[in-house]
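Fold and geometry: a report
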Amino acid sequence: MKVLVKAPAKINLSLDVLHKRPDGYHEVEMVMTTIDLADRIELSLLEEDRIVIHSHNRFVPDDQRNLAYQAAHLLKLRFQVKQGVVIGIEKTIPVAAGLAGGSSDAAATLRGLNKLWKLGLSLDELAVLGAEIGSDVSFCVYGGTALATGRGEIIEELPAPPTCWVVLAKPFIGVSTAEVYRRLNVEKVQHPPTKQMISAIENGDFNGVCNSVGNVLEDVTLSLYPEVAQIKDQMKRFGADAVLMSGSGPTVFSLVAHDSRMHRIYNGLRGFCDQVFAVRMLGERHTLD
Ligand SMILES: C[C@@](CO)(OP(=O)(O)O)[C@H](O)COP(=O)(O)OP(=O)(O)OC[C@H]1O[C@@H](n2ccc(N)nc2=O)[C@H](O)[C@@H]1O
Ligand SMILES: Nc1ncnc2c1ncn2[C@@H]1O[C@H](COP(=O)(O)OP(=O)(O)O)[C@@H](O)[C@H]1O
């Protein structure tokens, strides 16, 4: 038996850090949404009690370091599953890019194995398990649009943002999330207007969304990698309505209302960047079918 699951990337429309916690993590306030750029996860039942990872991407580990492996391992331990699984990962989301590719693969594996191994868990239960794997996994279990607080694992659903294009450009570098958080000076951050972002989304106000984007991790990554600032400048020059780095970077995204400007930005950035995508936001949450 086989189960196919889509694992979409996320962008952070806003990302604020409130303080560093005693456990070493940072208390965050993030507005996140899933986009139509996805890995495909194929889960095949294995009678042997093993977890096998297949991926053709050389940046994706094929052992217990893989977040999808960790998702399967966690379910096996917690629910005494004796069957095994082959996890095929067809990677489209750039790795270490601020788009939560690994977290989304883990979340999709949780949703898919819930079906394959007939565990009968709810999305809420899967999201709680996801938090044990990584801070972004709970959001990825639900998908859609949400305010994420705590270290990222407390999820409040929001409506879909107003329709627009999301043009993403990733420079030829990968960024370590841990290093970016480590270098952040929490005392000096310029907090983005999170409440204003939420109201704009609730009111379907595209200009309001564009005026409320902000990411306190941006300056840290920009100071390490000046090419990220160059991409931001180019996107602005080509007429983006809003431009922001996603997560810890280095991927930069722009929000664009008009098709012609989307084409201009997409074509202008191609050749200059490692990868460029023009996609839509998904808006809706995942369902368990
Ligand atoms: C920055 C964000 C924004 O969505 O995304 P990415 O850039 O990774 O996509 C997330 O906060 C990343 O979440 P995730 O990548 O799941 O983080 P984890 O694996 O839990 O943690 C990696 C490391 O980041 C730091 N970390 C993470 C989350 C948090 N709230 N505070 C932290 O200080 C910790 O040093 C931790 O060891
Ligand atoms: N399934 C996976 N896909 C991508 N990366 C993975 C996966 N499992 C583990 N990793 C590791 O997680 C790290 C962060 O990857 P990723 O989730 O793509 O980035 P980000 O945290 O920036 O969103 C990578 O360096 C990679 O080695």
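If you look the chain up in an unreviewed UniProt entry, it shows as 4-diphosphocytidyl-2-C-methyl-D-erythritol kinase from Mesobacillus boroniphilus. According to its UniProt record, the chain has this under Catalytic activity (unreviewed entry): "4-CDP-2-C-methyl-D-erythritol + ATP = 4-CDP-2-C-methyl-D-erythritol 2-phosphate + ADP + H(+)". According to the UniProt record, the Sequence similarities (unreviewed entry) comment for the chain reads "Belongs to the GHMP kinase family. IspE subfamily."

**Re the site of ligand 2**
The immediate surroundings of ligand 2 are formed by 17 residues, with K91, G98, A100, G102 and D105 found nearest. In the model, a nitrogen atom of ligand 2 is placed 3.1 Å from a nitrogen or oxygen of the N66 side chain. The protein chains hide 78% of the 540 Å² of surface that ligand 2 would expose on its own. With three residues, helix α2 (residues 101–116) is the single largest residue contributor to the shell around ligand 2.

**Side note on the environment of Q80**
Its location among the elements puts Q80 in the loop between α1 (67–79) and β4 (84–90). On the basis of relative accessible area, Q80 is assigned to the exposed category, the value being 57%. Linking Q80 and G120, residues 40 residues apart in sequence, is a C-alpha distance of 14 Å.

**Quick word on the site of ligand 1**
Taken together, 23 residues lie around ligand 1, and H26, S135, T177, Y181 and S248 are the ones closest in. The side chain of S135 places a nitrogen or oxygen atom 2.6 Å from an oxygen atom of ligand 1. Bound to the protein, ligand 1 loses 82% of the 700 Å² it would expose on its own. Those elements that provide at least two residues to the shell around ligand 1 are β1 (2–20), β2 (26–46) and α5 (177–183). Take the shell around ligand 1: its biggest share by element is four residues, from β2. Looking at the shell around ligand 1 residue by residue, the classes come out as 10 nonpolar, 10 polar and three charged.

**What to know about the confidence of the model for the chain**
Averaged over all residues, the pLDDT of the chain is 97; the fraction at 70 or higher stands at 100%. Across the interfaces of the predicted complex, the ipTM metric reaches 0.98, alongside a pTM of 0.98.

**Digging into the side chain of T33**
Relative to the elements of secondary structure, T33 occurs in strand β2. Using a relative accessible area of 0% as the deciding quantity, one classes T33 as buried. In terms of polar contacts, T33 uses its side chain to reach the backbone carbonyl oxygen of G144, at 3.4 Å. Looking at T33, its side chain comes within polar contact range of the side chain of T145, at 2.8 Å. When residues no more than four places from it in sequence are discounted, the contact partners of T33 are A9, K10, I11, L13, F139, G144, T145, P161 and M281.

**Topic: the packing of aromatic side chains**
In this description, an aromatic ring pair is defined by two values, namely the gap between the centres and the angle between the planes. Counted according to the given criterion, the structure contains zero aromatic pairs. R151 extends its terminal NZ or CZ atom over the ring of Y25, reaching a point 5.0 Å from the ring centre. We note R280 situated over the ring of W165; from NZ or CZ to the ring centre the distance is 3.9 Å.

**Quick word on the packing of α2 against helix α3 (residues 123–131)**
The contact between α2 and α3 brings their axes to 10 Å, and the two run at 130 degrees. In this view, α2 runs oblique relative to α3, as classed from their interaxial angle. Both α2 and α3 take part in a crossing whose hand is right-handed. Touching L110, R111 and N114 of α2 are L123, L126 and G130, all from α3. Of the residues belonging to the contact of α2 with α3, the class tally is three nonpolar, two polar and one charged.

**With respect to α2**
For α2, with 16 residues, the first-to-last C-alpha span of 22 Å sits near the 22 Å given by 1.5 Å per residue. The element α2 is largely enclosed, with a buried count of 14 among its 16 residues. Looking at the residues trailing α2, positive phi occurs at K118, about 50 degrees.

**A few points about the UniProt feature "domain: GHMP kinase C-terminal" (unreviewed entry) in the chain**
As recorded in UniProt, the feature "domain: GHMP kinase C-terminal" (unreviewed entry) lies at residues 197–273. Secondary structure across residues 197–273 divides into 56% helix and 14% strand, with the first and last C-alpha atoms of the span separated by 29 Å.

Rules used throughout
Residues numbered from 1 in each chain as written. Chains lettered and ligands numbered in written order. Predicted model: local features only at pLDDT ≥ 70, side-chain atom pairs only at ≥ 80, totals over all residues. Heavy atoms only, no water. UniProt positions renumbered as here; feature names shortened; annotations may be inferred. Near = heavy atom within 4 Å. Polar contact = N/O pair within 3.5 Å; in protein donor to acceptor, adjacent residues only side chain to side chain. Areas by Shrake-Rupley, 256 points an atom, 1.4 Å probe, with all protein chains shown as cover. Helix = DSSP H or I, 4+ residues; strand = E, 2+ residues; numbered from the N terminus. Buried < 20%, exposed > 50% of the residue type's maximum accessible area, 1.4 Å probe, protein only. Nonpolar A, V, L, I, M, F, W, Y, C, P; charged D, E, K, R; others polar. pLDDT = per-residue confidence, 0-100. Contact = heavy atoms within 4.5 Å. Phe/Tyr/Trp six-rings, centres within 6.5 Å; stacked < 30°, edge-to-face > 60°. Lys NZ or Arg CZ within 6 Å of the ring centre and 35° of its normal. Axes fitted to C-alpha atoms, helices over the stretch in contact; angles between N-to-C directions. Parallel < 35°, antiparallel > 145°, perpendicular 65-115°, else oblique. Left-handed = near helix turned anticlockwise from the far one by under 90°. Expected span 1.5 Å × (residues − 1).

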